[in-house]
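Single-letter residue listing:
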Amino acid sequence: MWLTLTILLAVALAVLVIRYLQLRNALRRAEQDAGAHIEELQERYQNQALHVQTQQETLFNSMIEGLLLLDEHERIQLANRAFTQLFGTPADLRGKTVLEVLRQHELAELVAKVAAEKQVLGHELKLGGLSERWLQINAAGIFNGDGKKQGTILVFHDLTRLKQLERQREEFVANVSHELRTPLSLIKGYTETLLDGAKDNPEVETKFLQTIQRNSERLQLLIEDLLTISELESGRLKMNLQSVRLRSLVDRVLEDFKTQAESRHVELKNEMPDLTARADSDRLQQVLGNLIGNAIKYGRSDGHVGVSGRLANANLVELCVHDDGPGIPPESIERVFERFYRVDKARSREQGGTGLGLSIVKHIVQSHGGKVWVKSEPGKGAAFYFTLPAKHEATN
Ligand code: ADP
């Protein structure tokens, strides 16, 4: 009986031990599984956080505007690529204040002001230095649900190009008014003098009337050139592109300048090979006319003016109008294509120039997708070059 009991107890104990060991193993396995699962979750979360951060950074860095994100202590948390490029600062600005980085008190004041106000504040900032720059800055506080400030966001727009265009427009209007005023006041003055009695003196009457006529022609030329420029700049102008045989076109334009050239004893030469361009024939005549007219006007009397050309590459023809006059001084080379720029103002006016010819040339050439430039050595003449798309006869 005792023996049976002992055996039974031993069997029960053995079963319990086995069961205990099984449970312990199962627990360990469950622990290991849970650990692995937690690790996996952690990794996934980190990957997701990294992904969001990368996405954010890519988004901020792809912005054209500079962006600065400050924390609640007004220290930089994030500066995007456009910002660091705009100000030439190092890429990592974390922890610094706006004043430390930019040394702009106006900006530090803006940051302080935005902390007190719950609205977007705008500010225009002009940066000095080698090249002037204008920035529009919009700043706003970031608040949580309880209205507690979490940080500040500043967006920097570069207004430099806009400001430059605004300035150019103002200068243009001032120049146009000035250019119009001179012939107009001469016309007015001479008309008044005629009405005041000069008309009874036949000798001065004719002289005065000729002055009035010359100035009204000048006014007309100026207005025509201004209209051409406004048409070209508006982008409304349609280029009527066709195959243009350059040699015969140059012949036609030179023919128009025969009388003008003869009056200065200038020899005109068509050196253009038989090339074909893809261009608007009327506009191209205008370009050649302006360049040939200038070469005759500003070249020397008894001089030579030639028009040459070559195939610069398979897709481009290069044309050149050259003279053997006094040329253009090096300091003016870059500027002759500007509106109203003249090397010698008195000479240009005396020759009936409006100061707009070369800027019209530049516009037309650029509308063809070409480039224009000038080479000149003082005393050795000037050569104006421009390119046009070549037309291949085979692909006609
Ligand atoms: P303008 O009506 O005064 O001729 P343009 O725009 O055609 O105006 O030319 C600008 C200036 O460039 C001229 O006033 C002149 O001083 C200079 N220029 C143009 N062509 C020549 C040239 N072939 N030789 C010397 N100077 C030139």
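What counts and how
Residues numbered from 1 in each chain as written. Predicted model: local features only at pLDDT ≥ 70, side-chain atom pairs only at ≥ 80, totals over all residues. Heavy atoms only, no water. Near = heavy atom within 4 Å. Polar contact = N/O pair within 3.5 Å; in protein donor to acceptor, adjacent residues only side chain to side chain. Areas by Shrake-Rupley, 256 points an atom, 1.4 Å probe, with all protein chains shown as cover. Helix = DSSP H or I, 4+ residues; strand = E, 2+ residues; numbered from the N terminus. Nonpolar A, V, L, I, M, F, W, Y, C, P; charged D, E, K, R; others polar. Phe/Tyr/Trp six-rings, centres within 6.5 Å; stacked < 30°, edge-to-face > 60°. Lys NZ or Arg CZ within 6 Å of the ring centre and 35° of its normal. Core = buried A, V, L, I, M, F, W, Y, C linked by side-chain atoms within 4.5 Å. Buried < 20%, exposed > 50% of the residue type's maximum accessible area, 1.4 Å probe, protein only. Contact = heavy atoms within 4.5 Å.

Neighbouring the ligand are 21 residues, the closest being Tyr 298, Ser 348, Thr 354, Gly 355 and Leu 358. A distance of 2.9 Å separates a nitrogen atom of the ligand from a polar atom in the side chain of Asp 323. Here Ser 348 contributes a side-chain N or O atom positioned 2.6 Å from an oxygen atom of the ligand. When the free accessible area of the ligand is taken as 540 Å², the share hidden by the protein chains comes to 96%. Of all elements in the fold, only α9 (281–298), α12 (357–367) and β12 (382–389) reach the threshold of two or more residues within the shell around the ligand. The leading source of residues in the shell around the ligand is α9, at four residues. Its residues placed into classes, the shell around the ligand shows ten nonpolar, seven polar and four charged.

Next up on the list: the packing of aromatic side chains. Applying the stated criterion to the full structure yields seven aromatic pairs. Chaining the aromatic ring pairs together yields one cluster made of Phe 83, Phe 87 and Phe 156. Just above the ring of Tyr 385 sits the side chain of Lys 375; from NZ or CZ to the centre is 5.2 Å.

Further remarks concern the nonpolar core. Residues Leu 246, Leu 284, Leu 288, Ile 292, Phe 384 and Phe 386 are the most contacted members of the largest nonpolar core, which totals 51 residues. When residues in this core are grouped by element, the largest group, seven residues, is from α9. Once residues lying within four places of it in the same chain are set aside, the contact partners of Phe 386 are Leu 284, Val 287, Leu 288, Leu 291, Val 317, Glu 318, Leu 319, Val 365, Lys 371, Val 372 and Trp 373. Among the nonpolar cores identified, the runner-up in size contains 23 residues, and Ile 76, Phe 83, Leu 93 and Leu 125 belong to it.

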